[in-house]
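Results of the structural survey
Now for the letters of each chain:
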Amino acid sequence: MEKSGKICSNFTGVTTTILETKLPYPVGDYQCKLDGKGRLMFPADFQEQLGDLSGEGFVLRPGLFRKCIEMYTMKEWQQKQEKLKQLSPFVKVNVDLMRKYNAGARLVKLDSTGRLLIPKPLIEQSDLDKEVVIIALPEYMEIWDKGAYHKANMEMDQATLEQLLQEKFGQQ
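Residues numbered from 1 in each chain as written. Predicted model: local features only at pLDDT ≥ 70, side-chain atom pairs only at ≥ 80, totals over all residues. Heavy atoms only, no water.

Turning to the packing of helix α3 (residues 74-85) against helix α4 (residues 92-102), a few remarks are in order. Relative placement of two packed helices is described by the angle separating their axes and the distance separating the axes. Running from amino to carboxyl end, α3 crosses α4 at an angle of 165°, the nearest separation of the two axes being 11 Å. Judged by the inter-axis angle, α3 sits roughly antiparallel to α4. As for the relative orientation of α3 and α4, their crossing is left-handed in sense. Contacts between α3 and α4 involve W77, K80, Q81 and L84 from the first element and M98, Y101 and N102 from the second. (Axes fitted to C-alpha atoms, helices over the stretch in contact; angles between N-to-C directions. Helix = DSSP H or I, 4+ residues; strand = E, 2+ residues; numbered from the N terminus. Parallel < 35°, antiparallel > 145°, perpendicular 65-115°, else oblique. Left-handed = near helix turned anticlockwise from the far one by under 90°. Contact = heavy atoms within 4.5 Å.)

Structure (C-alpha cells):
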C-alpha cells in the first residue's frame, strides 16, 4: 500500500500531517452507464480511487466463471502472464490453458473524457445492457450487467456467507 500525506489545520490553528493509505484497487461496487457505442463512464469517486492506474490502461477479458468482464490493471495482467509463462510450452494442456485464458482479451485505455470503450464482442458475451456495475475484487475488477450482478449476488444467502467466512478466515 502506498501512503500519501495531507497537511491539515485544525480549529486551534495547529498544522498536522494526516497519512492516507492508498489501496491498490478501488473499494466496493459502482453503478455506471454504458452508452450506445459501448463507452463506459466511470463515476468520479471510482476514477479518483484508480488514480494513476487509469492512465496505464487495462486488459479486459471474458469472465472466467460468470457472464461478466474481468478488468485487470496492467500490473495485475502482467503478473498473470508471468504465471502462465512458468508453464512449459511443450505440454499440450499448458498451451491449451494459455490460449483459452488469453482468448478474447483486449487492451483498452480511457479516452480524453475518462470513458472506457468496451469492445463489442465482450459486451455481447457478457450480455451487458445500459446499466452496469463495476465491482472491485482483490486482484481485478468485474464489469457486470446490473440485473445479472444483483441476481448472482442473491445466489449466496447470509448463512452461507457466514459459514464460508468462518471456514476461510475464522480461528482454526
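The geometry of two aromatic rings is summed up by the distance between their centres and the angle between their planes. Within this structure, the stated rule accounts for 7 aromatic pairs. With 5.7 Å between their ring centres and 15° between their planes, W77 and Y101 make a pair best called stacked. Within this pair, whereas W77 is found in helix α3, its partner Y101 is found in helix α4, the two being separated by 24 residues in sequence. Neither residue differs from the other here; W77 and Y101 are each classed as buried. Ring-pair connections join several aromatic residues into one group, and the members of that group are Y30, F42, F46 and F58. When the ring centre of Y101 is taken as reference, the NZ or CZ atom of R61 above it lies at 4.3 Å. (Phe/Tyr/Trp six-rings, centres within 6.5 Å; stacked < 30°, edge-to-face > 60°. Buried < 20%, exposed > 50% of the residue type's maximum accessible area, 1.4 Å probe, protein only. Lys NZ or Arg CZ within 6 Å of the ring centre and 35° of its normal.)

Turning our eyes to something else, we now look at the pairing of strand β6 (residues 69-73). Burial runs high along β6: 5 of the 5 residues are buried. Neither face of β6 is open: one carries I69, M71 and T73, the other E70 and Y72, and all of them are buried. With 5 bridges connecting them, strand β5 (residues 58-62) and β6 associate as antiparallel partners. By the bridge assignment for β6, P62 is matched with I69. (Pairing = 2+ DSSP bridges.)

To continue, consider the side chain of R61. Locating R61 in the fold gives a position in strand β5. Separated by 2.9 Å, the side chain of R61 and the backbone oxygen of Y101 make a polar contact. (Polar contact = N/O pair within 3.5 Å; in protein donor to acceptor, adjacent residues only side chain to side chain.)

With that out of the way, let us pick up the environment of A148. Mapped onto the elements, A148 comes out in helix α6 (residues 146-154). A C-alpha to C-alpha distance of 8.7 Å links A148 and C68, two positions 80 residues apart in sequence.

Next up on the list: the sheet that holds strand β10 (residues 141-145). Strands sit in the order β3-β9-β10-β6-β5-β7 across an open sheet of 6 strands; the sheet is antiparallel. Sheet topology places β3 (29-33) and β7 (106-108) at the edges, where each strand pairs with a single neighbour. On average, each strand axis in the sheet is tilted by 30° relative to the strand beside it, whichever way the strands run. As paired strands, β3 and strand β9 (residues 131-136) are joined by 5 bridges and run antiparallel to one another. What sits directly across from C32, in β9, is V132. On top of the sheet, α3 reaches β5, β6 and β7; it is set at about 100° to β6, its chief contact.

What follows deals with a nonpolar patch on the surface. A cluster of nonpolar side chains, M156, L161, L164, L165 and F169, forms an exposed patch at the surface whose accessible area comes to about 470 Å². Within the secondary structure layout, L165 lies in helix α7 (residues 158-169). (Patch = residues over 30% accessible without salt bridge, like charges linked within 9 Å, V, L, I, M, F, W, Y side chains within 5 Å. Areas by Shrake-Rupley, 256 points an atom, 1.4 Å probe, with all protein chains shown as cover. Salt bridge = Lys/Arg side-chain N within 4 Å of Asp/Glu carboxyl O.)

Let's shift gears to the side chain of E70. Here E70 lies in strand β6. What makes E70 buried here is its relative accessible area of 3%. Separated by 2.9 Å, the side chain of E70 and the backbone nitrogen of L64 make a polar contact. Within the local environment of E70, its side chain forms a polar contact with the side chain of Y72, the two groups lying 2.7 Å apart. Excluding anything up to four places from it in sequence, E70 contacts V59, L60, R61, P62, G63, L64, Y101, Y140 and M141.

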